[in-house]
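Per-entry structural report
As a plain string of letters, each chain reads:
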Amino acid sequence: MLSKRMEKAINDQIKWEYYSAYLYLSLAAYFQNLGLPGFANWMEVQVQEELFHGTKMFRYVLEKGGKVQLQGIEAPLHAWKSPLDAFEYSLKHEYQVTKRINDLVDLAQKEKDHASAIFLQWFVTEQVEEEANFGDTVSKLKLVGDGGGLFMLDRELAARVYVPPAATAA
Ligand SMILES: [Fe+2]
Ligand SMILES: [Fe+2]
(Lines give C-alpha, C1' and ligand atoms only; values in the text may rest on other atoms or scores of the structure.)
(Ligands and ions follow the chains in the order given, each with its own letter.)
Protein backbone atom coordinates (compact mmCIF):
# COMPACT_ATOMS: atom_id res chain seq x y z
CA MET A 1 0.00 0.00 0.00
CA LEU A 2 1.11 3.50 -0.78
CA SER A 3 -0.01 6.26 1.56
CA LYS A 4 -2.17 8.90 -0.12
CA ARG A 5 0.62 11.41 0.42
CA MET A 6 3.25 9.19 -1.19
CA GLU A 7 0.90 8.32 -4.04
CA LYS A 8 0.32 12.02 -4.71
CA ALA A 9 4.04 12.84 -4.46
CA ILE A 10 5.02 10.13 -6.97
CA ASN A 11 2.19 11.19 -9.28
CA ASP A 12 3.60 14.73 -9.17
CA GLN A 13 7.04 13.38 -10.02
CA ILE A 14 5.68 11.36 -12.98
CA LYS A 15 4.57 14.69 -14.41
CA TRP A 16 8.01 16.20 -13.79
CA GLU A 17 9.74 13.35 -15.62
CA TYR A 18 7.45 13.72 -18.62
CA TYR A 19 7.91 17.49 -18.48
CA SER A 20 11.67 16.84 -18.58
CA ALA A 21 11.15 14.76 -21.73
CA TYR A 22 9.15 17.62 -23.25
CA LEU A 23 11.81 20.18 -22.28
CA TYR A 24 14.61 18.13 -23.86
CA LEU A 25 12.52 17.54 -26.95
CA SER A 26 12.16 21.31 -27.24
CA LEU A 27 15.93 21.60 -26.85
CA ALA A 28 16.47 18.98 -29.56
CA ALA A 29 14.44 21.16 -31.94
CA TYR A 30 16.38 24.26 -30.86
CA PHE A 31 19.72 22.60 -31.60
CA GLN A 32 18.53 21.10 -34.89
CA ASN A 33 17.42 24.57 -36.06
CA LEU A 34 20.81 25.98 -35.02
CA GLY A 35 22.54 23.51 -37.32
CA LEU A 36 23.89 21.34 -34.52
CA PRO A 37 22.44 17.86 -35.20
CA GLY A 38 24.82 16.17 -32.75
CA PHE A 39 23.50 18.28 -29.88
CA ALA A 40 19.97 17.54 -31.10
CA ASN A 41 20.74 13.81 -31.06
CA TRP A 42 22.10 14.05 -27.52
CA MET A 43 18.87 15.72 -26.40
CA GLU A 44 16.71 13.13 -28.16
CA VAL A 45 18.55 10.40 -26.25
CA GLN A 46 17.84 12.34 -23.05
CA VAL A 47 14.15 12.42 -24.00
CA GLN A 48 14.21 8.60 -24.05
CA GLU A 49 15.78 8.54 -20.60
CA GLU A 50 13.12 10.86 -19.18
CA LEU A 51 10.30 8.80 -20.68
CA PHE A 52 11.87 5.78 -19.02
CA HIS A 53 12.02 7.58 -15.65
CA GLY A 54 8.37 8.61 -15.87
CA THR A 55 7.22 5.17 -16.93
CA LYS A 56 9.25 3.48 -14.19
CA MET A 57 7.38 5.55 -11.59
CA PHE A 58 4.05 5.00 -13.34
CA ARG A 59 4.58 1.20 -13.16
CA TYR A 60 5.64 1.38 -9.52
CA VAL A 61 2.45 3.17 -8.45
CA LEU A 62 0.36 0.56 -10.26
CA GLU A 63 2.42 -2.32 -8.90
CA LYS A 64 1.73 -1.01 -5.39
CA GLY A 65 -1.97 -0.98 -6.12
CA GLY A 66 -2.02 2.82 -6.21
CA LYS A 67 -3.84 5.18 -8.50
CA VAL A 68 -2.12 6.98 -11.35
CA GLN A 69 -3.59 10.38 -12.09
CA LEU A 70 -1.78 11.95 -15.00
CA GLN A 71 -1.47 15.71 -14.86
CA GLY A 72 -1.21 18.42 -17.47
CA ILE A 73 2.27 19.21 -18.71
CA GLU A 74 3.26 22.87 -19.14
CA ALA A 75 4.82 24.07 -22.36
CA PRO A 76 8.61 24.24 -22.07
CA LEU A 77 10.71 27.16 -23.35
CA HIS A 78 11.56 26.97 -27.04
CA ALA A 79 14.36 29.51 -27.35
CA TRP A 80 17.66 30.06 -25.58
CA LYS A 81 20.43 32.61 -26.04
CA SER A 82 23.16 30.12 -26.93
CA PRO A 83 24.11 26.44 -26.63
CA LEU A 84 25.77 27.28 -23.31
CA ASP A 85 22.65 29.04 -22.07
CA ALA A 86 20.57 26.01 -23.11
CA PHE A 87 22.81 23.57 -21.23
CA GLU A 88 23.03 25.76 -18.15
CA TYR A 89 19.24 25.95 -18.15
CA SER A 90 19.06 22.15 -18.39
CA LEU A 91 21.58 21.65 -15.60
CA LYS A 92 19.52 23.94 -13.35
CA HIS A 93 16.46 21.90 -14.24
CA GLU A 94 18.28 18.69 -13.23
CA TYR A 95 19.26 20.28 -9.88
CA GLN A 96 15.55 20.89 -9.28
CA VAL A 97 14.74 17.29 -10.18
CA THR A 98 17.43 16.08 -7.76
CA LYS A 99 15.88 18.18 -5.01
CA ARG A 100 12.46 16.72 -5.76
CA ILE A 101 13.82 13.15 -5.66
CA ASN A 102 15.54 13.88 -2.34
CA ASP A 103 12.27 15.24 -0.96
CA LEU A 104 10.54 12.03 -2.06
CA VAL A 105 13.16 9.96 -0.21
CA ASP A 106 12.67 12.15 2.88
CA LEU A 107 8.93 11.52 2.70
CA ALA A 108 9.44 7.75 2.30
CA GLN A 109 11.70 7.72 5.35
CA LYS A 110 9.31 9.84 7.37
CA GLU A 111 6.47 7.47 6.56
CA LYS A 112 8.68 4.40 7.12
CA ASP A 113 7.77 3.34 3.58
CA HIS A 114 10.81 1.10 2.99
CA ALA A 115 9.65 -0.16 -0.41
CA SER A 116 9.39 3.37 -1.79
CA ALA A 117 12.70 4.36 -0.18
CA ILE A 118 14.43 1.45 -1.94
CA PHE A 119 12.62 2.15 -5.21
CA LEU A 120 13.71 5.79 -5.08
CA GLN A 121 17.37 4.90 -4.53
CA TRP A 122 17.61 4.13 -8.24
CA PHE A 123 16.62 7.73 -8.98
CA VAL A 124 19.06 9.14 -6.42
CA THR A 125 21.89 7.37 -8.26
CA GLU A 126 20.49 8.33 -11.65
CA GLN A 127 20.48 12.01 -10.68
CA VAL A 128 24.22 11.84 -9.91
CA GLU A 129 24.71 10.69 -13.51
CA GLU A 130 22.32 13.29 -14.92
CA GLU A 131 24.01 16.20 -13.18
CA ALA A 132 27.43 14.90 -14.27
CA ASN A 133 26.30 14.51 -17.92
CA PHE A 134 24.85 18.00 -18.19
CA GLY A 135 27.64 19.56 -16.10
CA ASP A 136 30.27 17.94 -18.32
CA THR A 137 28.81 19.52 -21.45
CA VAL A 138 28.45 22.91 -19.71
CA SER A 139 32.20 22.77 -18.93
CA LYS A 140 33.09 21.80 -22.49
CA LEU A 141 30.90 24.56 -23.94
CA LYS A 142 32.67 27.09 -21.72
CA LEU A 143 36.02 25.85 -23.05
CA VAL A 144 35.13 25.89 -26.76
CA GLY A 145 33.17 29.16 -26.88
CA ASP A 146 31.47 29.91 -30.19
CA GLY A 147 34.33 28.85 -32.45
CA GLY A 148 35.05 25.75 -34.50
CA GLY A 149 35.29 23.72 -31.32
CA LEU A 150 31.49 23.74 -31.29
CA PHE A 151 31.45 21.57 -34.41
CA MET A 152 33.87 19.10 -32.84
CA LEU A 153 31.67 18.93 -29.77
CA ASP A 154 28.67 18.46 -32.05
CA ARG A 155 30.37 15.41 -33.58
CA GLU A 156 31.10 14.04 -30.11
CA LEU A 157 27.49 14.44 -28.97
CA ALA A 158 26.26 12.81 -32.19
CA ALA A 159 27.70 9.52 -30.89
CA ARG A 160 25.35 9.26 -27.89
CA VAL A 161 22.96 6.32 -28.15
CA TYR A 162 20.10 5.37 -25.87
CA VAL A 163 20.88 2.33 -23.77
CA PRO A 164 17.82 1.04 -21.92
CA PRO A 165 18.72 0.24 -18.29
CA ALA A 166 19.14 -3.48 -17.54
CA ALA A 167 15.97 -5.37 -16.65
CA THR A 168 17.13 -5.79 -13.05
CA ALA A 169 17.55 -2.02 -12.71
CA ALA A 170 14.23 -1.36 -14.41
FE1 LIG B 1 14.59 12.22 -15.04
FE1 LIG C 1 20.57 9.16 -17.17
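Right, let's walk through the structure included here. (Residues numbered from 1 in each chain as written. Chains lettered and ligands numbered in written order. Predicted model: local features only at pLDDT ≥ 70, side-chain atom pairs only at ≥ 80, totals over all residues. Heavy atoms only, no water.)

1. Observations regarding the coordination of the iron ion (ligand 1)
Taken together, Glu17 (OE), Glu50 (OE) and His53 (ND1) make up the protein donors of the iron ion (ligand 1), found 2.1 to 2.2 Å from the metal. Donor residues for the iron ion (ligand 1) sit on one chain with the sequence pattern E-x32-E-x2-H. Taken as a pair, Glu50 and His53 lie in helix H2 (residues 37-63) at a separation of three residues, close to a single helical turn. Per residue, the accessibility class of Glu50 equals that of His53, and both read buried. (Donors = N, O, S within 2.8 Å, 3.2 Å for Na, K, Ca; no water. Helix = DSSP H or I, 4+ residues; strand = E, 2+ residues; numbered from the N terminus. Buried < 20%, exposed > 50% of the residue type's maximum accessible area, 1.4 Å probe, protein only.)

2. Thoughts on helix H4 (residues 114-144)
With 31 residues, H4 should reach 45 Å at 1.5 Å per residue; the first-to-last C-alpha distance of 46 Å fits that figure. Maximum bend of H4: about 25 degrees, positioned at Leu120. Positioned one or two residues after H4, Gly145 has a phi angle of 65 degrees, which is positive. (Expected span 1.5 Å × (residues − 1). Bend = angle between axes of the 7 residues up to and from the residue.)

3. Here we look at the coordination of the iron ion (ligand 2)
Every protein donor of the iron ion (ligand 2) is accounted for by Glu49 (OE), Glu126 (OE), Glu129 (OE) and Glu130 (OE), and the metal-donor separations fall at 1.9 to 2.4 Å. For the iron ion (ligand 2), the four donor atoms in the first shell make angles of 94 to 142 degrees at the metal, a pattern classed as irregular. Mapping the donors of the iron ion (ligand 2) onto the primary sequence gives the spacing E-x76-E-x2-E-E. One end of the pair is Glu126 and the other is Glu130, both in helix H4 and four residues apart, which spans about a single turn. (Tetrahedral: all angles 85-135°; square planar, octahedral: opposite > 155°, others 65-115°.)

4. Focus: the packing of aromatic side chains
A full pass over the atoms with the stated rule returns 14 aromatic pairs. Taking the centre distance of 4.0 Å and the plane angle of 5 degrees together, the rings of Tyr60 and Phe119 count as stacked. With a gap of 59 residues between them, Tyr60 in helix H2 and Phe119 in helix H4 connect regions that are remote in the sequence. We note that Tyr60, like Phe119, is buried. Taken together through their ring pairs, the aromatic side chains of Tyr24, Tyr30, Phe31, Phe39, Trp42, Trp80, Phe87, Tyr89 and Phe134 make up a single cluster. In this structure, Lys56 is placed above the aromatic ring of Trp122, and the distance from its NZ or CZ to the ring centre is 4.6 Å. The cationic tip of Arg160 hangs over the ring face of Trp42; the distance from NZ or CZ to the ring centre is 4.2 Å. (Phe/Tyr/Trp six-rings, centres within 6.5 Å; stacked < 30°, edge-to-face > 60°. Lys NZ or Arg CZ within 6 Å of the ring centre and 35° of its normal.)

5. Some thoughts on the nonpolar core
Core analysis: the biggest nonpolar cluster contains 24 residues, and Tyr24, Leu27, Phe31, Phe39, Met43, Phe87 and Phe134 have the highest contact counts within it. Mapped onto this core, the elements with two or more residues apiece are helix H1 (4-34), H2, helix H3 (83-110), H4 and helix H5 (149-157). Of the residues forming this core, the biggest block, eight residues, is contributed by H1. Here Leu27 is in contact with Met43, Trp80, Ala86 and Ser90, once residues within four sequence places are set aside. In terms of nonpolar packing, the next biggest core, distinct from the first, is built from 22 residues, Met6, Ile10, Val105 and Ala108 among them. (Core = buried A, V, L, I, M, F, W, Y, C linked by side-chain atoms within 4.5 Å. Contact = heavy atoms within 4.5 Å.)

6. A look at a nonpolar patch on the surface
A cluster of nonpolar residues, Tyr22, Leu25 and Ile73, forms a patch on the protein surface that exposes about 280 Å² of accessible area. In this structure, Leu25 sits in helix H1. (Patch = residues over 30% accessible without salt bridge, like charges linked within 9 Å, V, L, I, M, F, W, Y side chains within 5 Å. Areas by Shrake-Rupley, 256 points an atom, 1.4 Å probe, with all protein chains shown as cover. Salt bridge = Lys/Arg side-chain N within 4 Å of Asp/Glu carboxyl O.)

7. With respect to the pattern of salt bridges
Taken as a whole and judged by the stated rule, the model has eight salt bridges. For Lys15, the salt bridge is made with Glu74, and the minimal N-O distance between the two is 2.7 Å. Here Lys15 is found in helix H1, whereas its partner Glu74 is found in the loop between H2 and H3, with 59 residues between them in sequence. Residue classification places Glu74 among the partly exposed positions, given a relative accessible area of 44%. Within the structure, one salt-bridge network assembled from shared partners comprises Asp136, Lys140 and Glu156.

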